[in-house]
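Residue-level structural notes
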Amino acid sequence: ENMLKETIFAATQQIRRELGERWTYRESAYGALEGAEALAINTEWEQYRRPDLERMRRLMSNGAIFDGRNLYEPAEMQRAGFYYECIGRPATRPD
């Protein structure tokens, strides 16, 4: 019975004060994926546009990605082993 791991990447001290220990804080984006069941993408920041998909899949316990910014191509995510949902396109399941 795994729960979604709640993470915040590069959390500021202000966020820590406001949210406290309800979240797990990590120093890097890849660190935030360790053991995560799912990833929710809510930003278009350049550093997230070309990730190491193989590394991401290895780190995650369940490869579910919910992409609110349509950063990736569904077919590529499917080949990489992810369940991938994005806006306005059909969801994909791993091969």
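The present account deals with the structure reproduced in this document. This structure is a prediction, so every number in the text was calculated from the model and none was measured. (Residues numbered from 1 in each chain as written. Predicted model: local features only at pLDDT ≥ 70, side-chain atom pairs only at ≥ 80, totals over all residues. Heavy atoms only, no water.)

1. Regarding the sheet that holds strand S5 (residues 83-86)
Filter applied, for reference: Between any two strands, at least two bridges found by DSSP are needed for them to pair. Runs of E in the DSSP output that reach at least two residues are strands. Runs of H or I that reach at least four are helices, and both are numbered from the N terminus. Lines fitted to the C-alpha atoms define the axes, with helices restricted to the stretch that makes contact. Angles between their N-to-C directions range from 0 to 180 degrees.
One open sheet accounts for four strands, arranged S3-S4-S5-S6; its pairing is mixed. At either end of the open sheet lies a strand with only one pairing partner, and these are strand S3 (38-41) and strand S6 (89-92). Here the strands of the sheet are splayed against their neighbours by 15° on average, with no regard to which way each runs. As defined by bridge partners, strand S4 (residues 64-67) adjoins S5 across four bridges and the pair is classed as parallel. Across the sheet, the residue bridging to alanine 64 is tyrosine 83, located in S5.

2. Quick notes on the pattern of salt bridges
To be explicit about the condition: Salt bridge, as applied in this entry: a Lys or Arg side-chain nitrogen positioned within 4 Å of an Asp or Glu carboxyl oxygen. Each residue's exposure class comes from its accessible area (1.4 Å probe, protein chains only) as a fraction of the maximum for that residue type: buried when under 20%, exposed when over 50%, partly exposed otherwise.
Under the definition given, this model contains six salt bridges. Residues glutamate 44 and arginine 49 are paired through a salt bridge, measuring 3.7 Å at the closest nitrogen-oxygen approach. When its relative accessible area of 32% is taken as the criterion, arginine 49 is described as partly exposed. For the salt bridge of glutamate 46 with arginine 49, the shortest nitrogen-to-oxygen distance reads 3.7 Å. Sharing partners across several salt bridges, the network here consists of Glu44, Glu46, Arg49, Arg50 and Arg69.

3. Remarks on the nonpolar core
Side chains of nonpolar character tend, in soluble globular proteins, to be buried together. We count it as follows: Throughout this description, the term nonpolar core refers to a set of buried Ala, Val, Leu, Ile, Met, Phe, Trp, Tyr and Cys residues connected via side-chain atoms within 4.5 Å. Contacts between residues were defined by any pair of non-hydrogen atoms, one from each residue, lying within 4.5 Å.
Counting residues in each nonpolar core, the largest one holds 13 residues, and the members touching the most others are Met56, Ile65, Tyr72, Met77, Phe82 and Tyr84. Of all the secondary-structure elements, those providing two or more residues to this core are helix H3 (53-59) and S5. Among all residues touching methionine 77, those that are not within four sequence positions of it are Leu53, Ile65, Tyr72, Phe82 and Tyr84.

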